[in-house]
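Summary of the model geometry
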Amino acid sequence: MANQDKIVLPEKYYLDNFKYVLNFVIGKYEGLLSPSEINFVKNFLSLSEDAQCLYVRISNRKGQFFRKEKLSYAEISDLDLALRELKSFDFVVKKEGLEIDECYQLLAVYNKPEIVRLINPLEYEVDKSLKKDELILSLLETVDSIDLLETFYNESIITQAVKEELNMVKLFFFGHNHGDMSDFVIRDIGHARFMEIDESQLGTSFESREEAEAVMQLSQLNKEYYLLEETLSPLSIYDWFSQIEIGYFLSLDKAKSRAEKLLYKVGYHLERNKHYDEALEVYHLSSSSPLRERRIRIYNKQKEFKKSLELAHHILDSPNDNKEYYIAQDVINKLDKKLKTTTIRQKEGMVIPVKHSYLHQVEDGALAYFESLGFRGYHSENSICRNVFGLFFWDEIFDPKHNSLHQPLQRSPSDIYEKDFYKKRKEAIKQKLELTKNKNQLVNVLRKSVQSFTNISNPFVHWDDDMIEGMWKFLSYVKLKQIKSLLAEMAIDPKNRSTGFPDLFVWKEKEYSFYEVKSPNDHLSEKQLFWLERFDEWGIHAEIALVSWV
């Protein structure tokens with residue numbers, strides 16, 4: 001971007017964005033907020049502008065401890081006065097005692113020479129040659145906590161307060177725990193564009209306080225798990241997990257997928273450390289993917305082939321996704337002494353000679369080979385087909401009536417990868433496909449989306465000129481019936497059926513083909529096999545290109 005085109009944000013842009021979030025949450029969720037959260041918003045809005053700016057500045061920084069001498073903001077006229085005001089409203093505090101992780105955060109605001117200088121007067125034997133992180137851990141183990149606080153928690157340290165209230169407000173606004181105020185900046189400087197929806201049409205992230213609190217609790221449990229993974233034995237983690245009422249979280253729609261992720265992490269940690277019985281207990285708590293797949297793998301390791309076969313047949317009757325289906329099929333094939341389905345298909349691939357200079361750029365080498373035969377081509381993996389899907393069903397994806405758009409910075413609807421995405425849009429999707437009678441109609445829908453929404457965030461659309469051109473070229477070769485079959489298949493399960501497409505799309509005159517490129521050490525995945533089989537079924541040309549180095 002040229003200098004003259006640079007977007008210069010207002011001096012206090014961050015304050016405007018913060019106030020927008022507070023007013024948005026109060027307007028939409030006041031009935032779900034706790035008294036302390038409502039007081040947080042009201043007290044903040046009553047602060048002077050300087051005090052507001054200072055609080056937002058420190059809340060946007062990492063951690064909760066800050067050194068006063070490190071804070072310098074030109075737009076705050078009197079930092080000391082602003083700080084006193086924040087203290088009077090308990091927006092910054094001096095804590096009476098600190099947890100062990102808080103002590104670590106406190107010491108981390110100093111650099112190593114400062115830490116060494118401050119501990120010199122203390123009568124403790126500490127290896128000062130350690131790296132900063134190791135030195136802090138050593139201090140936490142050897143130095144009395146009172147001495148640590150007296151030495152490091154002095155008047156120059158500012159401690160951000162009301163973080164729990166702020167985090168809940170952000171959760172209500174963003175709908176998840178990883179929302180970041182920097183999204184406003186990304187939008188305002190033009191680095192990202194979001195779908196514009198009338199705020200009156202926006203839905204709600206949470207229907208109840210219970211759901212929001214459950215999501216927040218799971219976020220804390222996930223953080224706790226990562227700490228425990230570094231310090232406790234797998235069986236101790238299993239005991240910790242057993243105390244969690246995971247069934248409660250699984251019963252709440254907004255919390256279920258997050259609970260399943262925690263469940264998987266714990267189960268896989270146990271499995272990886274060969275605590276198979278405990279891992280199975282954890283995996284049995286849900287039938288979501290990939291938990292049944294993991295159970296099959298454990299049964300096979302335990303030589304419980306009957307259980308493995310029973311579960312495989314059960315999965316085939318009602319698979320969660322493509323990968324689970326093929327893994328179940330492979331269990332049956334293996335017991336019948338057949339090859340894996342992916343292996344069978346890969347052996348059918350065509351061998352192509354590729355120069356050894358492309359060793360670390362296998363797909364480029366394969367494309368160079370096809371170009372040497374007079375073909376032209378694009379790297380198409382997960383772009384061309386996804387572009388067709390995202391552009392054709394743009395209105396259906398972003399239809400606000402499904403309560404999946406909650407705030408103006410969403411890159412995608414909140415239900416985009418949920419199982420009810422298709423259920424909610426099924427009739428609209430079927431109708432759109434049925435009303436599309438010829439390829440010109442379909443192309444016009446895509447062109448209209450390109451013209452109306454260029455560079456607006458869509459989870460399926462890759463706004464790259466080559467990828468858009470590749471999409472048009474692909475459409476020029478395939479038949480309407482084939483495109484509609486592709487779109488209908490993707491719509492059923494966008495989470496699992498929007499990836500796994502072949503690596504290359506090449507064409508020459510009246511010929512075209514997709515190619516899944518495999519180096520000698522690479523193996524076909526279940527998702528890739530799924531699309532190769534669907535393309536076979538619909539008559540879309542697709543092959544596996546097996547690289548042979550020359």
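Heads up: these notes are all about the structure in this document. Predicted model, so just to flag it, every value in this text is computed and none were measured.

**Here's the deal with unusual backbone geometry**
With an omega of 10°, the peptide bond between Ser289 and Pro290 qualifies as cis. Backbone geometry at Lys303 places phi at a positive 60°, although glycine is not the residue there. Tracing the backbone shows Lys303 in the loop between helix 16 (291-301) and helix 17 (305-317). Even without being a glycine, Asn403 presents a positive backbone phi close to 55°. Mapped onto the elements, Asn403 comes out in the loop between helix 22 (394-397) and helix 23 (420-435). Overall, Asn403 belongs to the partly exposed group, its relative accessible area being 29%.

**Let's talk about the side chain of Ser498**
With respect to the helices and strands, the residue Ser498 is situated in the loop between helix 27 (494-497) and strand 6 (504-508). By relative accessible area, which is 1% here, Ser498 ends up buried. A distance of 2.5 Å separates a polar side-chain atom of Ser498 from the backbone oxygen of Pro494. If we ignore the near neighbours within four places in the chain, the residues touching Ser498 are Asn382, Arg386, Tyr417, Phe460, Met490 and Asp493.

**Some thoughts on helix 5 (residues 100-108)**
Because the α-helix completes a turn every 3.6 residues, residues three or four places apart line up on one side. Looking at helix 5, one finds that the buried residues are Glu102, Cys103, Leu106 and Leu107. Viewed end-on, helix 5 has its buried residues packed into an arc of 135°, placing them on one side of the element. Considering only its buried residues, helix 5 is in contact with strand 1 (65-67), helix 6 (112-119), helix 7 (132-142), helix 8 (145-152) and strand 3 (157-160).

**A short note on the nonpolar core**
Formed by 106 residues in total, the largest nonpolar core has its most connected members in Leu54 and Phe535. Looking at this core, the element that brings in the most residues is helix 1 (residues 13-29), giving 9 residues. With residues up to four places along the chain from it excluded, the contact list for Phe535 reads Cys385, Leu486, Phe501, Pro502, Phe514, Ile540 and Ala542. Counting residues in each nonpolar core, the second largest holds 35 residues, with Ala259, Leu270, Val282 and Ile298 among its members.

**Some points on the sheet that holds strand 2 (residues 92-93)**
Ordered by their spatial adjacency, 3 strands build an open sheet running 1-3-2, and the pairing between neighbours is antiparallel. Two strands in the sheet have a free side with no partner beyond their single neighbour: strand 1 and strand 2. Bridge count for strand 1 against strand 3 is 3 bridges, and the pairing is antiparallel. Residue pairing across strands places Phe65 opposite Thr159, the latter belonging to strand 3.

**Focus: the pattern of salt bridges**
On inspection of all chains with the given rule, the structure shows 28 salt bridges. For Arg187, the salt bridge identified is with Asp188, shortest N-O distance 2.8 Å. Taken together, the shared-partner salt bridges connect Glu271, Glu293, Arg294, Arg297, Lys301 and Lys323 into one network.

**Topic: the packing of helix 17 against helix 18 (residues 322-335)**
Where helix 17 meets helix 18, the axes come as close as 9 Å, and the angle between the chain directions of the two elements is 135°. On the basis of the axis angle, helix 17 is oblique to helix 18. Considering the relative orientation of helix 17 and helix 18, their crossing is left-handed. Residue-level inspection shows Phe305, Ser308, Leu309, Ala312, His313, Ile315 and Leu316 of helix 17 in contact with helix 18, the latter providing Glu324, Tyr325, Ala328, Gln329, Val331, Ile332 and Leu335. Looking at the contact of helix 17 with helix 18, its residues break down into 10 nonpolar, 3 polar and 1 charged.

**Considerations on the environment of His356**
Within the element layout of this structure, His356 appears in the loop between strand 4 (350-354) and helix 20 (362-372). Residue classification places His356 among the partly exposed residues on the basis of a relative accessible area of 45%. Each C-alpha atom of the pair His356 and Phe249 lies 52 Å from the other, and the pair is 107 residues apart in sequence. In contact with His356, other than residues within four places in its own chain, are Trp549 and Val550.

**A few points about empty space enclosed by the protein**
Any empty space left between the atoms is revealed when a probe the size of a water molecule rolls over them. Under the definition given, this model contains 1 cavity of 30 Å³ or more. Its volume calculated, the largest cavity comes out at about 50 Å³. In terms of lining, the largest cavity is formed by Met195, Ile197, Leu202, Phe398, Leu405, Gln407, Pro408 and Gln410. Here the lining of the largest cavity is built from residues that sort into 6 nonpolar, 2 polar and no charged.

**Focus on helix 18**
For helix 18, spanning 14 residues, the distance from its first C-alpha to its last is 20 Å, which sits close to the expected 20 Å at 1.5 Å a residue. Among the residues making up helix 18, those that are buried are Asn322, Glu324, Tyr326, Ile327, Ala328, Asp330, Val331, Ile332 and Asn333. The inward-facing, buried residues of helix 18 abut helix 16, helix 17, helix 19 (341-346), helix 27 and helix 28 (526-538). Its side-chain oxygen at 3.2 Å from the backbone nitrogen of Lys323, Asp321 defines the N-terminal cap of helix 18.

**Remarks on the packing of helix 21 (residues 384-392) against helix 26 (residues 480-492)**
At a closest axis distance of 10 Å, the pairing of helix 21 and helix 26 adopts a crossing angle of 80°. Compared by their axis directions, helix 21 and helix 26 come out roughly perpendicular. In this structure, helix 21 uses Cys385, Arg386, Val388, Phe389 and Phe392 to contact helix 26, whose residues at the interface are Ile483, Leu486, Leu487, Met490 and Ala491. For the contact of helix 21 with helix 26, a count of residues per class yields 9 nonpolar, no polar and 1 charged.

**So, a positive patch on the surface**
Taken together, the side chains of Lys256, Lys261, Lys419 and Lys495 make up a positively charged region of the molecular surface. Assessed through its relative accessible area of 62%, Lys419 is described here as exposed.

**Here we look at the packing of aromatic side chains**
This structure, assessed with the given rule, holds 45 aromatic pairs. Look at Phe173 and Phe174: their rings are 4.9 Å apart centre to centre, the planes differ by 90°, and that puts the pair in the edge-to-face class. Classification of Phe174 as buried rests on a relative accessible area of 3%. Plain terms: the ring middles of Phe389 and Phe460 are 4.9 Å apart, the flat faces sit at 75° to each other, and that makes the pair edge-to-face. Note that Phe389 is positioned in helix 21 and Phe460 in the loop between helix 24 (439-453) and helix 25 (465-477), a separation of 71 residues in sequence. These aromatic residues form a ring-pair network of at least three members: Tyr378, Phe474, Tyr477, Phe501, Phe505, Trp507, Tyr512, Phe514, Phe530, Trp531, Phe535 and Trp538.

Thresholds, definitions, all that
Residues numbered from 1 in each chain as written. Predicted model: local features only at pLDDT ≥ 70, side-chain atom pairs only at ≥ 80, totals over all residues. Heavy atoms only, no water. Helix = DSSP H or I, 4+ residues; strand = E, 2+ residues; numbered from the N terminus. Buried < 20%, exposed > 50% of the residue type's maximum accessible area, 1.4 Å probe, protein only. Polar contact = N/O pair within 3.5 Å; in protein donor to acceptor, adjacent residues only side chain to side chain. Contact = heavy atoms within 4.5 Å. Arc of directions from axis to C-beta. Core = buried A, V, L, I, M, F, W, Y, C linked by side-chain atoms within 4.5 Å. Pairing = 2+ DSSP bridges. Salt bridge = Lys/Arg side-chain N within 4 Å of Asp/Glu carboxyl O. Axes fitted to C-alpha atoms, helices over the stretch in contact; angles between N-to-C directions. Parallel < 35°, antiparallel > 145°, perpendicular 65-115°, else oblique. Left-handed = near helix turned anticlockwise from the far one by under 90°. Nonpolar A, V, L, I, M, F, W, Y, C, P; charged D, E, K, R; others polar. 1 Å grid on protein atoms, 1.4 Å probe; cavity = no way out; pocket = protein on both sides within 12 Å on 5 of 7 lines; lining within 4 Å. Points joined across faces, edges and corners; volume = space filled by probe spheres on them. Expected span 1.5 Å × (residues − 1). Patch = residues over 30% accessible without salt bridge, like charges linked within 9 Å, V, L, I, M, F, W, Y side chains within 5 Å. Areas by Shrake-Rupley, 256 points an atom, 1.4 Å probe, with all protein chains shown as cover. Lys, Arg positive; Asp, Glu negative; His and termini not counted. Charge placed at Lys NZ, Arg CZ, Asp CG, Glu CD. Phe/Tyr/Trp six-rings, centres within 6.5 Å; stacked < 30°, edge-to-face > 60°.

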